[in-house]
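A structural walkthrough
Now for the letters of each chain:
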Amino acid sequence: MNMYSKISGTGSYLPPKRVTNQDLTLQLAAQGIETSDEWILSRSGIAARHFAEPGVCSSDLAVQAAERAIAMSGLDKSQIDLIILATSTPDHLGGFPSTACIVQRKLGIKNGAAFDVQAVCSGFVYAVSIADAMIKAGANKHVLIIGAEVFSRILDFKDRGTCVLFGDGAGAIVLSASEEPGILAAKLHADGNYSHILSVPGNLACGAVEGSAFISMDGPAVFKLAVSLLEKVAQEALEAAGMVSSDLDWLVPHQANIRIMQSTAKKLGMPPDKVVVTVDQHGNTSAASIPLALDCAVRDGRIKSGQTVLMEGVGGGFTWGAVVARM
Ligand code: UT7
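Presented here is an overview of the structure given in this document. Quantities reported herein were computed from a predicted structural model and do not represent experimental measurements. Numbering of residues begins from 1 in every chain and follows the order in which that chain's sequence is written. Reporting of local features is limited, given that this is a predicted model, to residues whose pLDDT is at least 70; pairs of side-chain atoms are given and counted only at 80 or more, and all residues count toward the totals for whole chains, interfaces and linings. Calculated side-chain values reflect all of the structure's heavy atoms, with hydrogen atoms and water omitted.

**Overview of the overall build of the protein**
- We count a stretch as a helix when DSSP gives it H or I for four or more residues in a row; a strand needs E for two or more, and each element gets its number in order from the N terminus. When helices and strands are tallied, the protein shows ten helices and 15 strands.
- As a reference, a globule follows 2.2 Å times the number of residues to the power 0.38, and the radius of gyration itself is taken over C-alpha atoms. For 327 residues, the compact-globule estimate of 2.2 N^0.38 gives 20 Å, and the protein sits close to it at 19 Å.
- Based on the C-alpha atoms only, the size of the protein along its principal axes is roughly 60 × 45 × 40 Å.
- Burial analysis of the protein (327 residues in total) assigns 54% to the buried set.
- Only heavy atoms matter for contacts: two residues are in contact if any of them lie within 4.5 Å across the pair. Nonlocal contacts in the protein, meaning residues at least 24 apart in sequence, comprise 78% of its contacts between residues at least 6 apart.
- Of the roughly 13300 Å² of accessible surface on the protein, a fraction of 55% belongs to carbon and sulfur atoms.
- Under this rule, positive means Lys or Arg and negative means Asp or Glu; His and the chain ends count for nothing. Charge placement uses NZ in Lys and CZ in Arg. For Asp and Glu, CG and CD serve respectively. Within the protein, the 31 negative side-chain charges are centred at a point lying 2 Å from the centre of the 26 positive side-chain charges. Type-normalised accessible area, obtained with a 1.4 Å probe on protein chains alone, sets the label of each residue: buried when under 20%, exposed when over 50%, and partly exposed for intermediate values. For accessible areas, the Shrake-Rupley method is used with a probe of radius 1.4 Å. Any residue's cover is judged against the shown protein chains and nothing else.

Put into C-alpha cells, the structure is as follows:
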C-alpha cells in the first residue's frame, strides 16, 4: 500500500488560434447575432478563448499537455502505468475507442490501463479522486491525468447564450505514489435530477445524430446551483483534510465564470489574489480548465512546492467535487 499520492508534474496546451470577444462579435454579427465584448466580459469575465483548427482532436491537445507534465515529473514515459482522461468531446462518437487509449498510442506508452472519465466540467476532479484511490490501493504508481476538450465542436454559433463562453485546450498532471502527503482529500457528488439544465441533448440512432449535437444550457439555473454547491463541497473537502480555508495558499477553481469564482472565494473568506484566474484568456474549457489553470500558476511561479491548493469544479450531470492538494 502506498501512503500517499502527490502531483509530480503539470502541463498544459492551448491551440494557437486565439479568438477575442471582438473577433467573435464580428463573426456573429455577420450571421445577424448580436453580442458585444462588454456583455461577454461583464457577465462571464471572458476576454478571449482558443479554438482548435479543423481536424485537431482532444487527443492532439492532450498529448501536448501530457508531454509537458511528464517532462516536469522527470519520469520516463514507460513509468506511466495508468492514463485517465476527462473529456466531453472525445475523438470518436460515443467515446469509442476512448480518447485515453488514443493518447496512450500517440505517446508511445504500452504499460497499464487507459480510460476516459465523463463528468463534464467536474471531470478533472473526478479523475484525480479515482487516481488517488488507485495509488493508495497500491494498484498504480504513476498516473497521467488529463483534461482535454475541443468544445468549439459542440458550440452552436447561433446560440449567443453559449457560444461566447467556451474554448478548447488541455491540461495534465502526473500523480505519483509518494511517502509525503499530496492529495489530502477529495469529495465528489452528482445529482442526475439536474441533467436537463446543461446537456448535449441529441442521441445516436441508426448511425446518425437524432436531435441536437450542440451544448444546451440554462445559464442562470447553472449559475445559481454552482454558487451554492461549490462552497459546500469545498468546505467538505477542507474538513476531510483537517483544514480550514485560511490554511489554503491557492484556490484553483473550474474556470466557467469569474462571478462564480469570486462568489466561492468570498464565501470561503479567501482574498481575490489567492484565486488563480485564467477564464479571461481561456474561456470555459470544461474538464481542461482546472489543470490548465494549475499549470499556468505552477509555471509562472505563483504556486510553489509545499503550498496547499483547493481545486473545485461543477458541471453537467449535475456533477461537482473538490480536491485539496499539497504541491
Ligand atoms: O462549466 C459548466 C458550468 N457553466 C457555468 O457555470 C455557466 C453558468 N452561467 C453563467 O455563467 C451565466 O448564467 C451566463 C454567463 C451564461 C449568462 O449570464 P446571466 O447574467 O445569467 O445572463 P442571462 O442568461 O440571464 O441573460 C441576460 C440577458 C438576456 O436578455 P434579456 O432576456 O434580459 O433581454 C439574454 O438574452 O442577456 C442576453 N444575452 C446576451 N446578450 C448579449 C445572452 N447571451 C448574450 C450574449 N450577448 N452573448
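We are not done yet, so read on.
**What about the environment of Gly-55?**
- Secondary-structure assignment places Gly-55 in the loop between strand S3 (48–50) and helix H3 (58–73).
- Along the sequence, Gly-55 and Ala-30 sit 25 residues apart, while their C-alpha atoms lie 24 Å from each other.
- Beyond its immediate chain neighbours, meaning those up to four positions away, Gly-55 contacts Asp-60 and Arg-153.

**Description of the sheet that holds strand S14 (residues 308–315)**
- Reading across from one edge, S8-S15-S14-S13 is the order of the four strands in this open sheet, with mixed pairing throughout. Each edge of the open sheet is held by one strand with a lone partner, namely strand S8 (183–190) and strand S13 (250–253). On average, each strand axis in the sheet is tilted by 10 degrees relative to the strand beside it, whichever way the strands run.
- Across eight bridges, S14 lies against strand S15 (residues 319–326) in antiparallel orientation. Within the sheet, the bridge partner assigned to Gly-315 lies in S15 and is Thr-319. Pairing between two strands requires that DSSP report at least two bridges joining them. Throughout, an axis means a line fitted to C-alpha atoms (over the contacting stretch in the case of helices), and angles, computed between N-to-C directions, take values from 0 to 180 degrees.

**Details of the environment of Lys-274**
- With respect to the helices and strands, Lys-274 occurs in the loop between helix H8 (258–268) and helix H9 (279–282).
- The sequence separation of Lys-274 and Val-309 amounts to 35 residues, and the corresponding C-alpha distance is 9.7 Å.
- Discounting residues that sit within four places of it in the chain, Lys-274 has contacts with Leu-248, Asp-249, Trp-250 and Leu-251.
- Distance and chemistry together define a polar contact, namely a pair of N or O atoms within 3.5 Å, with one atom able to donate a hydrogen and the other to accept it when in protein, and with adjacent residues in sequence counting only for side-chain atoms on both sides. Among the polar contacts listed, one links the side chain of Lys-274 to the backbone oxygen of Leu-248, at a separation of 3.0 Å.

**Considering the packing of aromatic side chains**
- Pairing of aromatic rings covers Phe, Tyr and Trp, the last through its six-membered ring, and needs centres within 6.5 Å; plane angles under 30 degrees mean stacked, over 60 mean edge-to-face, and all others mean tilted. Counted by the stated rule, this structure contains three aromatic pairs.
- Taking 6.0 Å as the distance between ring centres and 85 degrees as the angle between the ring planes, the aromatic pair formed by Phe-51 and Phe-157 counts as edge-to-face. Remark: Phe-157 occurs in the loop between strand S6 (142–150) and helix H6 (160–163) and Phe-51 occurs in the loop between S3 and H3; sequence separation between them is 106 residues.
- Considering the side-chain rings of Phe-151 and Phe-166, the 5.0 Å spacing of their centres and the 25 degrees angle between planes classify their relative orientation as stacked.

**What about the sheet that holds strand S7 (residues 168–178)?**
- With mixed pairing, five strands are arranged side by side in an open sheet as S1-S7-S6-S4-S5. Strands with a single pairing partner mark the edges of an open sheet, and in this sheet they are strand S1 (4–13) and strand S5 (113–117). Strand-to-strand twist in this sheet, taken as the mean axis angle between neighbours without regard to direction, amounts to 20 degrees.
- In terms of strand pairing, S6 meets S7 through nine bridges, oriented antiparallel. Bridging from a neighbouring strand, Ile-146 pairs with Ala-172 of S7.
- Relative to S1, H3 is tilted by about 125 degrees, and along the sheet it contacts S1, strand S4 (82–86), S6 and S7.
- On top of the sheet, helix H4 (residues 99–107) reaches S4, S5 and S6; it is set at about 135 degrees to S5, its chief contact.

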